Protein chains: 2
Amino acid sequence: MTDSVGVVATQRAVLTQRGPLVLASGAALAHVEVAYETYGELSPARDNAVFVCHALTGDAHAAGWHEGARRPGWWDNLIGPGKALDTERFFVVSANLLGGCSGTTGPQSVDPATGRPYGPDFPLLDMADFVTAHRGLLDHLGIDRLHAAVGGSLGGMQVLEWALQEPDRIDRAVLVAASSRLTPENIAFSSVARAAILEDPDFHDGRYADHGASPSHGLKIARMMAHITYVSGTSLEAKFGHRRATSGTDKRLGADFEVEDYLQHQGESFLRRFDALSYLHLTRPMDYFDPFGSHPDVVPSTRFRLLSFDSDWRFPTAHSLRIRDQLAARGVAVDHTEIASPWGHDSFLLEPPGYHDLVRGFL
Amino acid sequence: MTDSVGVVATQRAVLTQRGPLVLASGAALAHVEVAYETYGELSPARDNAVFVCHALTGDAHAAGWHEGARRPGWWDNLIGPGKALDTERFFVVSANLLGGCSGTTGPQSVDPATGRPYGPDFPLLDMADFVTAHRGLLDHLGIDRLHAAVGGSLGGMQVLEWALQEPDRIDRAVLVAASSRLTPENIAFSSVARAAILEDPDFHDGRYADHGASPSHGLKIARMMAHITYVSGTSLEAKFGHRRATSGTDKRLGADFEVEDYLQHQGESFLRRFDALSYLHLTRPMDYFDPFGSHPDVVPSTRFRLLSFDSDWRFPTAHSLRIRDQLAARGVAVDHTEIASPWGHDSFLLEPPGYHDLVRGFL
């Protein structure tokens, strides 16, 4: 594993030792912990930190291997010795999102005021709040400036929000397959996914844990549907074609075609690692996200590199071009490249030709 | 209402007076009724009949007004005096699909063998079975040949199947936004919609009626998701933009953006008119549909006109081109036109410029 950061463990930082974490809405969280991992060494000048922002269903475990795990972190192909985020040069930090369910404070965390999980009382988050938690973690680690912040999809949105919120803290920003304003179609897919959860009879107004229940039916359907939008028609065609388990007139209503088994597996495995309330709380801030509207006069000193993929129909290139035009209009240094890739939105997790070099070259 | 066929009523024909209706699978239905409507007059030579095949959620009520109704039939803009399907020239027949829930025998009909609704025991259907019922209705009406058969989406698939099943019965076929083989992405969307129903705890293995229950959660989600694929990003953008009910930091997890209210309405109203088992039985035959494979050597005498819409991403133009190429390779007369329309797949129900003229001119 010479090209791997090797065995890693998730750590935790408490962000509320000097007072509650105040959210964009005015609500406050009395106790916030952030789960994070780091790869590589912080330089003596503390000037080589790269912050990685994860997407909707990611977590702090971006690279390396957990003890005994069967697979590495979700961005292990990008982060490691000699890789685009070269851990021989950079100190890479990755943290689970506020509102998440993988170690950072979220809806299933205990509310100190009641001694019980927040459940449906967890406050609604804004993209700015994800960044507030990231900022708190950086302060905790004693890092003033970032060499770079890097994120794909929702991760890229956090990077954009952060650069506008702290216009002098981030030297370089890489936004991959991100957006500065969702389309009604984007919102529609998220809304149906949330409706599948919110209207599941086992949701119990968000108190499903109290009922010993879980809106697993809705969460599974939400994930299956969303997954279709993360891939491309081309990649599904190449992978599954029209192949099925039965033949001739032996047919069934339930899963039969290979693409159906694949989606069933995606949905089932998601239930083992994700919480329904976190799904609601992490998706909703994207719909309301409007960073250029909420930071109308900010001119970040950050240089931006925007990347998008030609087969991504969830956040197609038009989203990146809109970000580019808004930044350029403010005089911010920005470039954009559309990368050829057959794998749709999920390309940001894969290695289509040229992609990793464009990240490496910029850093 | 001089351009309307006026007040109409749905009629019923029993197709099984001389014996059971035998399905492609070998199963048989002992009693089959078909709900249908007709518009215009059958000519003395009985040579002016046009059969309209409905799409997934359509019914026999294609044109005119039911007594006291607030809206006309679903294809009233196409069918009527002076319209593309001119009822002053043609005798138009429209029938609810076998397996449906709007008057034709389907899963909620009584099984004569048990005296109870079929429920989950309703046999799996093939596209050929939809056509078998149409053929039975034509025989019942004493019509040997069709001047034309016309259908959009699933309706177009029935027309294609019919022309291959009875290669000398249909003079002209109009297939709008149809397909001869679904892509894995098509199947994926349908599969998630069916999973929402099949895995709804209130589905009770299809015996929900016996339990006084209904998988309405799953059926609503299925419809909401499917609806996104019937429209286009462009039309959603034009209709809803980013508008929402709340403002500022007043946000919510539940529906807030106008596009969300719209989808909620689509889902809720669907529950009042559609049965979950019918949804399963009418969607599944599309996934298995492979008419050129199942009729390898048939050369219909039918002339075909294929129409598709440039914004349709559910059954984009590539599907129509595949049909055109397959028909042309057999020496069948066929033409195809892609029509500019912003409304996505649902364009077949609307009137983008040129569309109705292309139907009228062909008939």
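So, a few notes on the structure that sits alongside this text. (Residues numbered from 1 in each chain as written. Chains lettered and ligands numbered in written order. Predicted model: local features only at pLDDT ≥ 70, side-chain atom pairs only at ≥ 80, totals over all residues. Heavy atoms only, no water.)

## Focus: the sheet that holds strand β12 (residues 170-176) of chain A
All names here are of chain A.
Reasoning step 1: Here we have 8 strands laid out as an open sheet, ordered β1-β4-β8-β5-β11-β12-β13-β14, and mixed in their pairing. Only two strands of the sheet have a single partner each, and these edge strands are β1 (11-14) and β14 (334-339). When strand polarity is set aside, the average angle formed by the axes of neighbouring strands in this sheet is 25°.
Reasoning step 2: Sheet strands in contact with helix α10 (residues 355-362) are β12, β13 (303-309) and β14, and its direction is about 180° off that of β13. (Pairing = 2+ DSSP bridges. Helix = DSSP H or I, 4+ residues; strand = E, 2+ residues; numbered from the N terminus. Axes fitted to C-alpha atoms, helices over the stretch in contact; angles between N-to-C directions. Contact = heavy atoms within 4.5 Å.)

## Here we look at the nonpolar core
Reasoning step 1: By size, the foremost hydrophobic cluster in this structure holds 173 residues, and its most contacted members are Tyr279(A) and Tyr279(B).
Reasoning step 2: Once residues lying within four places of it in the same chain are set aside, the contact partners of Tyr279(A) are Leu56(A), Ala193(A), Ile197(A), Leu219(A), Ala222(A), Ala226(A), Phe270(A) and Phe274(A). (Core = buried A, V, L, I, M, F, W, Y, C linked by side-chain atoms within 4.5 Å. Buried < 20%, exposed > 50% of the residue type's maximum accessible area, 1.4 Å probe, protein only.)

## A look at the pairing of strand β5 (residues 49-53) of chain A
Both faces of the sheet carry side chains from a regular strand, because those side chains alternate between them.
Residues and elements named next belong to chain A.
Reasoning step 1: Counted residue by residue, β5 has 5 buried out of 5 residues, so it is predominantly covered.
Reasoning step 2: In β5, alternate side chains face the same way, and those of Ala49, Phe51 and Cys53 on one face and Val50 and Val52 on the other are all buried.
Reasoning step 3: Note: β5 against strand β8 (residues 91-95), 4 bridges, orientation parallel. Of the residues in β8, the one forming a bridge with Val50 is Val92.
Reasoning step 4: Pairing of β5 with strand β11 (residues 146-152), which is carried by 4 bridges, proceeds in the parallel orientation. Along β11, the bridge assignment pairs Val50 with Ala148.

## As for the side chain of Ser179(B)
Residues and elements named next belong to chain B.
Reasoning step 1: Topologically, Ser179 is positioned in the loop between β12 (172-176) and α3 (184-198).
Reasoning step 2: For Ser179, the side chain forms a polar contact with the main-chain oxygen of Arg181, separated by 3.1 Å.
Reasoning step 3: Here His319 takes part through its side chain, which lies 2.7 Å from a polar atom of the side chain of Ser179.
Reasoning step 4: Setting aside its immediate chain neighbours within four residues, Ser179 contacts Met157, Phe289, Phe315, His319 and Ile323. (Polar contact = N/O pair within 3.5 Å; in protein donor to acceptor, adjacent residues only side chain to side chain.)

## Regarding the packing of aromatic side chains
Reasoning step 1: Tallied over the entire structure, the rule returns 26 aromatic pairs over all chains.
Reasoning step 2: Judged by centre distance (5.0 Å) and plane angle (45°), the rings of Phe257(A) and Tyr288(B) are tilted. With Phe257(A) in the loop between α5 (233-240) and α6 (258-271) and Tyr288(B) in helix α7 (residues 276-288), the pair connects residues from two separate chains. Note on accessibility: Phe257(A) and Tyr288(B) belong to one class, buried.
Reasoning step 3: Among the aromatic residues, those joined into a ring-pair cluster are Phe189(A), Trp313(A), Phe189(B) and Trp313(B).
Reasoning step 4: Against the face of Phe270(B) rests Arg223(B), its NZ or CZ located 4.6 Å from the ring centre. (Phe/Tyr/Trp six-rings, centres within 6.5 Å; stacked < 30°, edge-to-face > 60°. Lys NZ or Arg CZ within 6 Å of the ring centre and 35° of its normal.)

## Some points on the pattern of salt bridges
Reasoning step 1: If you walk through the whole model with that rule in mind, you get 40 salt bridges over all chains.
Reasoning step 2: For Glu166(A), the salt bridge goes to Arg135(A), with nearest N and O atoms at 3.2 Å. Of this pair, Glu166(A) sits in the loop between α2 (154-165) and β12 while Arg135(A) is found in helix α1 (residues 127-141), placing the two residues 31 residues apart along the sequence.
Reasoning step 3: For Glu260(B), the salt bridge is made with Arg194(A), and the minimal N-O distance between the two is 3.4 Å. Here Arg194(A) lies in helix α3 (residues 184-198) and Glu260(B) lies in helix α6 (residues 258-271), a pairing that spans two chains.
Reasoning step 4: Residue classification places Glu260(B) among the buried residues on the basis of a relative accessible area of 1%. (Salt bridge = Lys/Arg side-chain N within 4 Å of Asp/Glu carboxyl O.)

## Focus on the relation of the copies chain A and chain B
Reasoning step 1: The two copies are related by a screw operation: chain A maps onto chain B through 180° of rotation and 0.0 Å of translation along the axis, at an RMSD of 0.0 Å. In symmetry terms, the pair is related by a two-fold rotation axis.
Reasoning step 2: A shared interface surface links the copies, since 100% of the contact residues of chain A are contact residues in chain B too. (Least-squares fit on C-alpha atoms with pLDDT ≥ 70 in both.)

## Let's talk about a positive patch on the surface
Reasoning step 1: Among the surface-exposed residues, Arg70(A), Arg71(A), Arg272(A) and Arg273(A) lie close enough to one another that they form a single positively charged patch.
Reasoning step 2: Within the secondary structure, Arg71(A) sits in the loop between β5 and β6 (79-80). (Patch = residues over 30% accessible without salt bridge, like charges linked within 9 Å, V, L, I, M, F, W, Y side chains within 5 Å. Areas by Shrake-Rupley, 256 points an atom, 1.4 Å probe, with all protein chains shown as cover. Lys, Arg positive; Asp, Glu negative; His and termini not counted. Charge placed at Lys NZ, Arg CZ, Asp CG, Glu CD.)

## Re the interface of chain A and chain B
Reasoning step 1: Listed per partner, the contact involves 54 residues of chain A and 54 residues of chain B.
Reasoning step 2: Interface area, chain A with chain B, both sides summed: about 4700 Å², of which 67% is carbon and sulfur.
Reasoning step 3: Three residues, His217(A), Leu253(A) and Tyr288(A), lead the burial of chain A against chain B; their summed loss comes to 16% of the area buried on that side.
Reasoning step 4: Taken together, the connections running from chain A to chain B amount to 10 salt bridges.
Reasoning step 5: Residue Asp126(A) is joined to Lys251(B) by a salt bridge in which the shortest nitrogen-to-oxygen separation is 2.6 Å.
Reasoning step 6: Remark: the boundary between chain A and chain B carries 30 residue pairs in polar contact (both at pLDDT 80 or more).
Reasoning step 7: Contributing elements (two or more residues each) for the side of chain A that touches chain B: α3, α4 (216-230), α5, α6 and α7 (276-288) of chain A.
Reasoning step 8: If you tally residues by element for the side of chain A that touches chain B, the top one is α3(A), at 11 residues.
Reasoning step 9: Partitioned by chemical class, the residues of the side of chain A that touches chain B number 26 nonpolar, 13 polar and 15 charged. (Buried area = accessible area lost by both parts, 1.4 Å probe. Nonpolar A, V, L, I, M, F, W, Y, C, P; charged D, E, K, R; others polar.)

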